[in-house]
Amino acid sequence: MTDLTAVDATLAPAAKPVSRPARPFFSSGPCAKPPGWDAAKLATESLGRSHRAKIGKTRLAYSIDLMREMLNLPDTHRIGIVPGSDTGAFEMAMWTMLGARPVTTLAWESFGEGWVTDAAKQLKLDPTVIRADYGQLPDLSTVDFSNDVLFTWNGTTSGVRVPNADWIPADREGLTFADATSAVFAYDIDWTKIDVATFSWQKVLGGEGGHGVLILGPRAVERLENHTPAWPLPKVFRLMAKGKLAEGVFKGETINTPSMLAVEDAIFALEWGKSLGGLQGLIARSNANAAALNKIVEERDWLGHLAADEASRSTTSVCLTVEGADEAFIKAFAALLEKEGAAYDVAGYRDAPAGLRIWCGATVETADIEALGPWLDWAYAQTKAAA
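This one's a predicted model, so the numbers in the text were calculated from it and none came from an experiment.

Visitor: Which residues make up the overall build of the protein, and what values go with them?
Guide: Along the backbone of the protein there are 8 helices and 14 strands. Against the 2.2 N^0.38 benchmark of 21 Å for 387 residues, the protein shows a C-alpha radius of gyration of 22 Å, consistent with a compact globule. Overall, the C-alpha framework of the protein stretches about 70 × 50 × 30 Å when taken along its three principal axes. For the protein, the proportion of its 387 residues judged to be buried stands at 58%. Considering only contacts within the protein whose residues lie at least 6 apart along the sequence, 73% involve residues at least 24 apart. A total of about 15900 Å² of accessible surface is found on the protein, and carbon and sulfur atoms cover 51% of it. Between the averaged position of the 37 positive side-chain charges in the protein and that of its 48 negative side-chain charges there is a distance of 8 Å.

Visitor: Can you tell me about a positive patch on the surface, naming the residues and giving the values?
Guide: Taken together, the side chains of R52, K57, K235 and R238 present a region of like positive charge at the surface. In this fold, K57 is placed in helix 1 (residues 54-71). Residue classification places K57 among the partly exposed residues on the basis of a relative accessible area of 35%.

Visitor: Which residues make up the side chain of D148, and what values go with them?
Guide: Topologically, D148 is positioned in strand 4 (residues 148-152). A polar contact of 2.8 Å, which involves the side chain of D148, links it to the side chain of R223.

Visitor: Quick rundown of the pairing of strand 1 (residues 78-83)? Include the residues and the values.
Guide: Summarising burial for strand 1: 5 of the 6 residues are buried, a large majority. Where strand 1 meets strand 9 (residues 211-216), 6 bridges bridge the pair, whose relative direction is antiparallel. Residue pairing in the sheet places G80 in a bridge with L214 of strand 9.

Visitor: Explain the sheet that holds strand 4 to me, and be specific about the residues and the numbers.
Guide: Note: strands within a sheet are paired through backbone hydrogen bonds, in either parallel or antiparallel orientation. One open sheet holds the 7 strands; their spatial order is 1-9-8-7-4-2-3, and the pairing between them is mixed. The sheet is open, and its two borders are formed by strand 1 and strand 3 (128-131), each paired with just one other strand. Taking each pair of neighbouring strands and ignoring which way they run, the sheet shows an average axis angle of 20 degrees. Note that strand 4 and strand 7 (residues 176-179) share 4 bridges and pair parallel. Residue F151 lies in a different strand from strand 7, and its bridge partner there is A178.

Visitor: Report on the sheet that holds strand 12 (residues 303-305), specifying residues and quantitative values.
Guide: The sheet built from 3 strands is open, its strands ordered 12-13-14 with antiparallel pairing. Here the strands that pair on one side only, and so sit at the sheet edges, are strand 12 and strand 14 (356-359). The sheet shows a mean angle of 35 degrees between the axes of neighbouring strands, direction not considered. Strand direction decides the pairing type here: strand 12 and strand 13 (residues 317-322), joined by 3 bridges, are antiparallel. Across the sheet, residue H305 finds its bridge partner in strand 13, namely L320. Most of the contacts of helix 8 (residues 366-386) go to strand 14, to which it runs at about 165 degrees, and overall it touches strand 12, strand 13 and strand 14.

Visitor: An account of helix 7 (residues 327-339) is needed here, citing residue identities and associated values.
Guide: With 13 residues, helix 7 ought to run about 18 Å at 1.5 Å a step, and its terminal C-alpha atoms sit 18 Å apart, in line with that. Looking at helix 7, one finds that the buried residues are F329, I330, F333, A334 and L337. On an axial view of helix 7, the arc spanned by its buried residues comes to 125 degrees, and they lie on one face. Turned more than 90 degrees away from the buried face of helix 7, the exposed residues are E327, A328, K331 and K339. As for helix 7, its buried residues are in contact with strand 13, strand 14 and helix 8. Looking at the residues trailing helix 7, positive phi occurs at G341, about 65 degrees.

Visitor: Account for the nonpolar core, naming residues and giving values.
Guide: Here is a general trend for soluble globular proteins: nonpolar side chains tend to be buried in one another's company. Grouped together as the largest cluster of nonpolar side chains are 84 residues, with contacts concentrated most on M67, F151, W153, F185 and L376. The residues contacting F185, other than those within four sequence positions of it, are M67, M70, L71, F199, V204, L205, L270, L279, L282 and I283. Judged by nonpolar contacts, the second largest core, of 30 residues, contains A119, A220, L224 and A246.

Conventions we followed
- All chains use their own residue numbering, which begins from 1 and follows the written sequence.
- Only residues with pLDDT of 70 or above have their local features reported here, since the model is predicted, and side-chain atom pairs are shown and tallied only from 80 upward, although totals for entire chains, interfaces and linings are computed over all residues.
- With hydrogens and water set aside, each side-chain value is computed from the structure's full complement of heavy atoms.
- Working definition: helices are DSSP H or I runs of at least four residues, strands are E runs of at least two. Numbering for both runs from the N terminus.
- Based on C-alpha atoms, the radius of gyration is set beside the globule rule, defined as 2.2 Å times the residue count to the power 0.38.
- Exposure classes here rest on a 1.4 Å probe applied to the protein chains alone. A residue is buried below 20% of its type maximum, exposed above 50%, and partly exposed in between.
- Should any heavy atoms of two residues lie within 4.5 Å, those residues are counted as being in contact.
- Throughout, the Shrake-Rupley method with a 1.4 Å probe supplies accessible areas, and for residues the shown protein chains are the sole cover considered.
- Residues counted as positive are Lys and Arg, residues counted as negative are Asp and Glu, and His and the chain ends are not counted.
- Charge positions come from single atoms, namely NZ of Lys, CZ of Arg, CG of Asp or CD of Glu.
- Patches here are clusters of residues that have more than 30% relative accessible area and form no salt bridge, with a 9 Å joining cutoff for like charges and a 5 Å cutoff for nonpolar side chains (Val, Leu, Ile, Met, Phe, Trp, Tyr).
- Salt bridges are counted wherever a side-chain nitrogen of Lys or Arg sits within 4 Å of a carboxyl oxygen of Asp or Glu.
- Distance and chemistry together define a polar contact, namely a pair of N or O atoms within 3.5 Å, with one atom able to donate a hydrogen and the other to accept it when in protein, and with adjacent residues in sequence counting only for side-chain atoms on both sides.
- Strand pairing requires that DSSP identify at least two bridges connecting the strands.
- Axis definition: a line fit to C-alpha positions, over the contact stretch in the case of helices; interaxial angles, taken between N-to-C directions, run 0 to 180 degrees.
- Each helix should span, by expectation, one fewer than its residue count multiplied by 1.5 Å.
- The directions considered for the arc run from the helix axis to the C-beta atoms.
- We define the nonpolar core as a collection of buried residues of types Ala, Val, Leu, Ile, Met, Phe, Trp, Tyr and Cys that are connected through side-chain atoms lying within 4.5 Å of one another.

What follows is the structure, encoded as structure tokens:
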């Protein structure tokens with residue numbers, strides 16, 4: 001094991017650890033594949049076939065059924081597979097449903113800011129914007145729920161999440177739109193408080209990118225059927241047909257052609273999650289990973305959490321501060337880890353404060369988080385000595 005007393009660069013550089021994480025995949029998207037994943041294990045009978053053929057529709061519907069089961073989603077909520085990853089799903093929701101009421105957007109990281117830009121500059125809705133700095137959560141008690149409200153459940157680039165849905169009233173007048181891409185399958189979500197939710201398979205499930213998932217509650221469906229947007233809608237955003245919700249979209253009849261290989265990959269991950277006990281099994285794995293990383297942080301004076309408040313700290317995309325580090329330092333730090341095959345893609349998001357970001361979602365093994373600690377010591381000492 002690395003001698004922790006040697007981490008301070010005023011002393012001798014830390015010795016290079018002998019053991020590496022078995023799977024050094026700590027990227028926050030696309031994320032690590034489920035343990036035991038192998039391309040040869042994916043079902044391939046649907047490949048080369050039309051997604052409109054019985055086999056394609058059956059597999060798409062099966063993936064939707066698995067997601068419903070895994071998320072404990074009530075029958076009142078519909079699930080659709082849509083183009084464009086989480087971004088496409090969220091923008092589809094915005095373009096098709098906003099404009100009926102005033103809009104409030106919450107932003108405490110880069111993707112939340114993206115929804116602010118869309119609402120203000122693209123849809124020109126003059127939204128009320130409630131912001132907080134990276135690492136902080138805004139005062140949720142100030143949100144006016146007579147408005148439609150847009151927020152990220154888990155800020156992937158800031159490591160800040162909403163602790164729960166208690167701040168959302170049951171008798172709200174507006175709709176709630178939750179960008180939940182790094183939250184689903186990692187937290188208990190009160191679906192009675194969420195009218196629209198979006199995510200992609202590439203986060204907690206470790207699936208392939210390119211496809212988004214759109215979840216609609218009954219109030220969102222009512223909005224779609226009773227509100228006509230003031231702007232044109234591209235074909236890939238259209239959820240209505242002859243004045244009614246296009247129900248086929250929520251039964252596996254996708255708007256455009258999906259990758260059936262990506263669908264099979266998602267099915268593999270969902271079946272893996274189900275084998276662990278479902279949602280609670282995945283949550284337990286994420287929590288164990290986050291706890292292991294927190295132990296590493298607490299044992300080192302030079303590491304800290306960007307999200308200071310534990311109650312709103314992410315257990316999936318954990319963002320860390322590094323004492324004295326700037327962007328160049330973090331770039332060199334992360335490059336050393338990658339060169340050694342000890343950790344891939346751990347530099348913080350480009351718009352966030354300089355630091356590290358380590359994915360702790362369910363597809364990561366806790367033993368690999370624990371094995372990462374000595375490598376962080378070594379890379380910090382090496383980078384500091386070279387600065």
